[in-house]
Amino acid sequence: MQTNLRGRDLICDLDLTKEEVETVLDVAWDLKRKRALGEPHAYLRDKTLGMLFFFSSTRTRCSFEAGMAQLGGHAAFIESKTTQIAHGDTAKEIGEILGRYFDGIAIRHCDWDYGNKYINWVAEASRSPVLNMQCDLYHPFQCLADLMTIIEKKGRDLRGKKMVVSWAYASSYLKPMSVPQSLILQMGRFGLDITLAYPPGFELMPAIVDEAKAQARRYGTGFEIVHDMDAAFKDADIVYAKSWGPMLATTDPGEGKALQDEHARWITDERRMALAKPDAIYMHPLPADRDIEVTSGVMDGPNSVVFDQAENRLHAQKAVMALTMW
Ligand code: CP
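Residues numbered from 1 in each chain as written. Predicted model: local features only at pLDDT ≥ 70, side-chain atom pairs only at ≥ 80, totals over all residues. Heavy atoms only, no water.

**A closer look at the site of the ligand**
Point 1. In the vicinity of the ligand, the residues found are Ser 57, Thr 58, Arg 59, Thr 60, Arg 108, His 139, Gln 142, Pro 285, Leu 286 and Arg 313.
Point 2. Pro 285 places a polar main-chain atom, nitrogen or oxygen, 3.0 Å from a nitrogen atom of the ligand.
Point 3. At 2.9 Å from a nitrogen atom of the ligand is found a main-chain nitrogen or oxygen belonging to Leu 286.
Point 4. Judged by its atoms lying within 2 Å of the grid points, the ligand is housed in the largest pocket. (Near = heavy atom within 4 Å. Polar contact = N/O pair within 3.5 Å; in protein donor to acceptor, adjacent residues only side chain to side chain. 1 Å grid on protein atoms, 1.4 Å probe; cavity = no way out; pocket = protein on both sides within 12 Å on 5 of 7 lines; lining within 4 Å. Sits in = over half its atoms within 2 Å of the grid points.)

Okay, structure coming up:
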């Protein structure tokens, strides 16, 4: 168990070693057990978290806010439009000043080619740890909750199990590519063989794919890329299928939507789930475009673990906050 995470940032999934992630999960399960038993666990009494949002949220905001209260502290919700950021407060000011007010700064900034840079600039200026609540490149807290959920459903020995990280069609908006990028970086370290599936034009960032391959080599796990959703689902143990925008092809929303609309058949439905193993689990970080990205039959069906996944956001985030912000 790694015991010295105080003051650490979590911006990219690989900011934590595998052993440190195992520590986070151990603490998360302990906090989950304590909450189930109604045992107080006020490890962050009198501590405060500043949560700065440049993008909307349901789960992330609510789970960080509830989590801080359960740990005995307080989380301040700060919507970027209500600040003076548009009038001149730079990332340096935010890091310097909020870092003096708060014991941790959490930021969601998903603007393409800017969000991750912004979070790192804040971190450089902050004396308090900075937590990435999702940027254009990574969604590390989602990924920790996902890993926790997979271990709960499939056991600690994940070696030899096949995880599909697949693109799926959505019509609502161009979703960030942060979730699949975090998944391919993290999951191979824990024994899973990754099959990444997407239609041409929906590539993830080459440097991140190269790093995911390097992690797979280091940990002796599999990593393949396919462009056929049916082939990807075949014999899968874990199906994680969600939409992301074709950000490397175009950042124009209209052009991106037109590219997406060419692939409306990339949906997770009952026929495709039947290609996976009978006990395969279906995962999605939510929100999903129901009956477009995934059928309601799958989402509400016996293989779906989406609500357990959402719950685990609370426990995983509390673990990281308790370890970094005391
Ligand atoms: N999965 C997730 O991050 O959900 P929100 O966008 O609602 O926070």
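More follows now that the structure is in view.
**Overview of the packing of aromatic side chains**
Point 1. On inspection of all chains with the given rule, the structure shows eight aromatic pairs.
Point 2. Measuring from ring centre to ring centre gives 5.4 Å for Phe 53 and Phe 77, while their planes differ by 45°; the resulting arrangement is tilted. Of this pair, Phe 53 sits in strand 1 (residues 48-53) while Phe 77 is found in strand 2 (residues 74-79), placing the two residues 24 residues apart along the sequence.
Point 3. According to the relative accessible area criterion, Phe 53 is buried, its value standing at 2%.
Point 4. One aromatic cluster is present, built from ring pairs that chain together Phe 54, Tyr 114, Tyr 118 and Trp 121.
Point 5. Stacked on the ring of Phe 190, the Lys or Arg Lys 18 has its end atom at 5.2 Å from the ring centre.
Point 6. One Lys or Arg, Arg 61, reaches over the ring of Phe 77 and ends 3.5 Å from the middle of that ring. (Phe/Tyr/Trp six-rings, centres within 6.5 Å; stacked < 30°, edge-to-face > 60°. Helix = DSSP H or I, 4+ residues; strand = E, 2+ residues; numbered from the N terminus. Buried < 20%, exposed > 50% of the residue type's maximum accessible area, 1.4 Å probe, protein only. Lys NZ or Arg CZ within 6 Å of the ring centre and 35° of its normal.)

**Things to note about the sheet that holds strand 4 (residues 130-135)**
Point 1. One open sheet accounts for four strands, arranged 2-1-3-4; its pairing is parallel. Looking along the sheet, the strands with just one partner apiece sit at the ends: strand 2 and strand 4. Direction aside, neighbouring strands of the sheet carry axes that sit 15° apart on average.
Point 2. Sheet topology places strand 1 next to strand 2; six bridges connect them, and they run parallel. Looking at the pairing, Met 51 lines up with Phe 77 of strand 2.
Point 3. Lying over the sheet, helix 2 (residues 59-70) contacts strand 1, strand 2, strand 3 (104-109) and strand 4, oriented at roughly 170° with respect to strand 1. (Pairing = 2+ DSSP bridges. Axes fitted to C-alpha atoms, helices over the stretch in contact; angles between N-to-C directions. Contact = heavy atoms within 4.5 Å.)

**Describing the pairing of strand 7 (residues 223-226)**
Point 1. Here strand 6 (residues 193-197) pairs with strand 7 via four bridges, running parallel. Pairing of Ala 197 across the sheet is with Val 226, part of strand 7.
Point 2. Regarding the hand of the β-α-β motif, the stretch spanning strand 6, helix 7 (residues 206-219) and strand 7 is right-handed. (Right-handed = clockwise from strand over helix to strand, strands pointing away.)

**Let's talk about the pairing of strand 5 (residues 162-167)**
Two faces belong to every sheet, and in a regular strand the side chains alternate between them.
Point 1. In terms of burial, strand 5 is a largely internal element, six of the six residues being buried.
Point 2. Because side chains alternate across strand 5, one face comprises the buried residues Lys 162, Val 164 and Ser 166, and the other comprises Met 163, Val 165 and Trp 167, equally buried.
Point 3. Where strand 5 and strand 6 come together, five bridges link them in parallel fashion. Residue pairing for strand 6: Val 165 is matched across the bridge by Leu 196.
Point 4. A crossover links strand 5 with its parallel partner strand 6, the connecting element being helix 6 (residues 178-186), and its sense is right-handed.
Point 5. Bridge count for strand 5 against strand 8 (residues 238-242) is five bridges, and the pairing is parallel. From the neighbouring strand, Val 165 faces strand 8, where its bridge partner is Tyr 240.

**A look at the nonpolar core**
Point 1. In this structure, Leu 49, Met 163 and Ile 184 are the most contacted members of the largest nonpolar core, which totals 107 residues.
Point 2. The two domains that each donate at least three residues to this core are domain 1 (13-139 + 313-325) and domain 2 (141-309).
Point 3. Setting aside residues up to four positions removed in sequence, Leu 49 forms contacts with Phe 64, Met 68, His 74, Ala 75, Ala 76, Phe 102, Gly 104, Ile 105, Ala 106, Leu 131, Met 321 and Met 325. (Core = buried A, V, L, I, M, F, W, Y, C linked by side-chain atoms within 4.5 Å. Domains from an automatic or database assignment.)

**A closer look at the packing of helix 2 against helix 12 (residues 306-324)**
Point 1. Between helix 2 and helix 12, whose axes approach to 9 Å, the crossing angle comes to 50°. With respect to their mutual orientation, helix 2 and helix 12 come out oblique. The chirality of how helix 2 crosses helix 12 is right-handed. Taken together, the residues of helix 12 that come into contact with helix 2 (itself represented by Arg 59, Thr 60, Ser 63, Phe 64, Ala 66, Gly 67, Met 68 and Gln 70) are Ala 310, Arg 313, Leu 314, Gln 317, Lys 318 and Met 321.
Point 2. Of the residues assigned to the contact of helix 2 with helix 12, the class counts are six nonpolar, five polar and three charged. (Parallel < 35°, antiparallel > 145°, perpendicular 65-115°, else oblique. Left-handed = near helix turned anticlockwise from the far one by under 90°. Nonpolar A, V, L, I, M, F, W, Y, C, P; charged D, E, K, R; others polar.)

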